[in-house]
Amino acid sequence: MTTIAQPLPAADTGLTEHIAHLQHTLEARLDALLPLGQERDLLAAAMRDSTLAPGKRLRPLMLMLTAEGLGACPRAALELGCAVEMVHAASLVLDDLPCMDDAALRRGRATLHRAFGEDVAILAAIALLSRAFGLLAAIETVAPATRSRLVAILAEAIGAQGLVKGQLQDLREGSQARSAEQIAETNRLKTAVLFGAIMDMACQLAGSPVGVREALLNFAGELGQAFQLYDDLRDLDPATGKDPGKDAGKSTLVAVCGESRTREQLLGHLNTAEHYLEQAFMGEQALASLLRKVFGRVEAGRC
Ligand code: GRG
């Protein structure tokens, strides 16, 4: 029986506090890494606005908690987490553009192009990507060969075999009839691949054994599928801070198979993800608590 899909037990307050502390550290570091800019520096303001807006910080927290569980350097993990959150923020800015999802709301605020204009939004996304790679390349506490590997992992996850390809598939095929397998492949590219890169980066940093890395990559694949289905199931939920009903007319799994089968599949992916997580870490650890915070309502059918 899955536990990630159940709420965090009250006894886990220590872990909750630990996660809140990591999130605070991460947000302070992001704040310090982003350009301050002068009053009229639209680019700096847009980079800060999109990245520091209130998000779940799931990806960097996953990275930091996994690195911690594997015994990797926490300072380096913090820098990697910041780079990943900048990439994620850039992907959301691009995803919201009129030529893509044409969204008005993100994280409970006006989307970046609505607030700053399309030109600034596109350039801010490029500047965030550039800042993220610059950051990775400059982590002095990490050996140069490992640093190069980290840069390559993140670049591969974004590019033509990752987010970019998934996004194009979603844009061009999402309005046509798709099989459950085609939907899963697009979801793998646009969502799961970045989770995989996060796990891989934590393993590279820690110098983890092959078996642990394999288990964590499998975990990421399952979690990515679960996360995208969760996102799709919440299309009408105003608590997401996004425009409700954006998936109308789109061939998501919810549209193809219905809510109940999608929720079943989501629980199946979470169950398998948890199995791989236990295989990697052999026991209860903080990452599972973080995931319960995100998915804790699924089993009760409240998503
Ligand atoms: C060049 C980085 C880059 C991307 C280009 C636009 C694009 C290709 C990809 C978009 C991929 C995308 C938006 C996938 C959806 C993933 C998803 C479910 C995002 C929502 O993540 P949350 O819920 O958001 O973690 P918060 O706001 O909490 O951080």
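Here the residue index of a chain counts from 1 through its sequence in written order. In keeping with the model being predicted, local features are shown solely for residues with a pLDDT of at least 70 and side-chain atom pairs are shown and tallied solely at 80 or more, while totals for entire chains, interfaces and linings include all residues. Excluding hydrogens and water, the side-chain values take into account all heavy atoms of the structure.

A. Focus on the side chain of K190. By the secondary structure assignment, K190 is in helix α9 (residues 180–206). Polar contact is the term for a pair of N or O atoms within 3.5 Å; when the atoms are in protein, one must be able to donate a hydrogen and the other to accept it, and sequence-neighboring residues count only if both atoms are side-chain atoms. A distance of 2.8 Å separates polar atoms of two side chains, one belonging to K190 and the other to D170. Contact criterion: two residues are considered in contact whenever any of their non-hydrogen atoms come within 4.5 Å of each other. Non-local contacts of K190, meaning those with residues more than four positions away in its chain, are made with L163, G166, Q167, D170, Q228 and K250. Only DSSP runs of H or I covering at least 4 residues are called helices, and only runs of E covering at least 2 are called strands; the numbering of each starts at the N terminus.

B. Broad picture of the packing of aromatic side chains. Aromatic pairs are defined between Phe, Tyr and Trp rings, using the six-membered ring for Trp, whenever the two ring centres lie within 6.5 Å; interplanar angles under 30 degrees are classed as stacked, those over 60 as edge-to-face, and all others as tilted. Within the structure shown, the criterion is met by three aromatic pairs. Ring geometry for F195 and F227: centres 5.6 Å apart, planes at 70°, overall edge-to-face. Here F195, found in helix α9, pairs with F227, found in helix α10 (residues 210–233); they are 32 residues apart in sequence, far enough to count as distant. By the burial criterion, F195 is buried, and F227 matches it. With a centroid separation of 6.2 Å and an interplanar angle of 90°, the aromatic rings of F227 and F295 are classed as edge-to-face. Exposed residues in this analysis have more than 50% of their type's maximum accessible area, buried residues have under 20%, and partly exposed residues fall in between, with area computed by a 1.4 Å probe over protein chains only.

C. Geometry of a negative patch on the surface. Patch members must show over 30% relative accessible area and no salt bridge, and they are joined within 9 Å when carrying like charges or within 5 Å when they are nonpolar side chains of Val, Leu, Ile, Met, Phe, Trp or Tyr. Using the Shrake-Rupley algorithm and a 1.4 Å probe, accessible areas are obtained, with residue cover drawn only from the displayed protein chains. The term salt bridge refers to a pairing of a side-chain nitrogen on Lys or Arg with a carboxyl oxygen on Asp or Glu at a separation within 4 Å. Counted as positive: Lys and Arg. Counted as negative: Asp and Glu, with His and the chain ends omitted from the count. Where a charge lies is defined by one atom per residue type: Lys uses NZ, Arg uses CZ, Asp uses CG and Glu uses CD. Negative charge collects at one region of the surface, where D101, D102, E118 and D119 lie side by side. Within the secondary structure, D119 is located in helix α6 (residues 118–137). Residue D119 is classed as exposed on the basis of its relative accessible area, which comes to 53%.

D. Quick peek at the site of the ligand. Nearness is defined per residue: one heavy atom within 4 Å of the molecule or strand is enough. For the ligand, the set of nearby residues contains 20 residues, the closest of which are K56, R59, H88, R107 and Q167. About the coverage of the ligand: the protein hides 92% of its 750 Å² of free accessible area. Secondary-structure elements contributing two or more residues to the shell around the ligand are α4 (74–96), α8 (163–173), α9 and α10. Throughout, the ten residues Ala, Val, Leu, Ile, Met, Phe, Trp, Tyr, Cys and Pro are labelled nonpolar, Asp, Glu, Lys and Arg are labelled charged, and all others, Gly among them, are labelled polar. Class assignment for the residues of the shell around the ligand results in eight nonpolar, six polar and six charged.

E. Layout of the nonpolar core. In this text, buried Ala, Val, Leu, Ile, Met, Phe, Trp, Tyr and Cys residues form a nonpolar core when linked through side-chain atoms within 4.5 Å. In this structure, M62, L216, F219, L266, L287, L291 and F295 are the most contacted members of the largest nonpolar core, which totals 91 residues. With residues near it in sequence (within four places) discarded, F219 still touches M62, M199, A273, Y276, L277, L287 and L291.

F. Inspection of helix α3 (residues 58–70) at higher detail. How far a helix is expected to stretch is found by multiplying one less than its residue total by 1.5 Å. Compared with an ideal rise of 1.5 Å per residue, which puts 13 residues at 18 Å, α3 spans 18 Å between its outermost C-alpha atoms and is within 8% of the ideal. For α3, the buried fraction is high: eleven of the 13 residues fall into the buried class. Those residues of α3 not exposed but buried are L58, R59, P60, L61, M62, L63, M64, L65, T66, A67 and L70. A positive phi of about 80° marks G71, the residue just after α3.

G. Examining α9 more closely. With 27 residues, α9 extends 36 Å from end C-alpha to end C-alpha; this agrees with the ideal 39 Å at 1.5 Å per step. In this analysis the local bend is the angle between axes fitted, respectively, to the seven residues ending at and the seven residues starting at the residue. Residue A192 marks the point of greatest curvature in α9, where the axis turns by about 45°. Trailing α9 by a residue or two, G207 shows a phi angle of about 65°, which is positive.

H. Region of the structure containing the packing of α4 against α9. The contact between α4 and α9 brings their axes to 11 Å, and the two run at 160°. The pairing of α4 with α9 is recorded here as roughly antiparallel in orientation. In the packing of α4 onto α9, the handedness of the crossing is right-handed. Contact residues: A76, A77, L80 and V84 in α4; I198, M201 and L205 in α9. Under this scheme, a helix contributes an axis fitted over its contacting stretch, all axes are lines through C-alpha atoms, and angles between N-to-C directions fall in the 0 to 180 degree range. Roughly parallel means an angle under 35 degrees; roughly antiparallel, over 145; roughly perpendicular, 65 to 115; everything else is oblique. Less than a right angle of anticlockwise turn of the near helix away from the far helix marks a crossing as left-handed, whereas a clockwise turn marks it as right-handed.

I. Geometry of empty space enclosed by the protein. Definitions used for this entry: grid spacing 1 Å over protein atoms alone; cavity, a set of points where a 1.4 Å probe fits but cannot get out; pocket, an open set with protein on both sides within 12 Å along at least 5 of 7 lines; lining residue, one with an atom within 4 Å of a point. Grid points are joined across faces, edges and corners, and a volume is the space filled by probe spheres set on the points. Tallying each qualifying case throughout the model produces two cavities of 30 Å³ or more. Quantified by volume, the largest cavity comes out at close to 130 Å³. Taken together, 13 residues form the lining of the largest cavity, with D49, S50, R106, A110 and L112 sitting closest to its centre. For the lining of the largest cavity, the elements supplying multiple residues, two or more each, are α2 (42–52), α4 and β2 (109–110). At four residues, the largest contribution of residues to the lining of the largest cavity is made by α4. Here the lining of the largest cavity is composed, by residue class, of six nonpolar, two polar and five charged. Elements represented by at least two residues in the lining of the second largest cavity include exactly α9 and α10. Here the element with the most residues in the lining of the second largest cavity is α9; it accounts for three residues. Each residue belonging to the lining of the second largest cavity can be placed in one class, and the counts come to one nonpolar, three polar and five charged.

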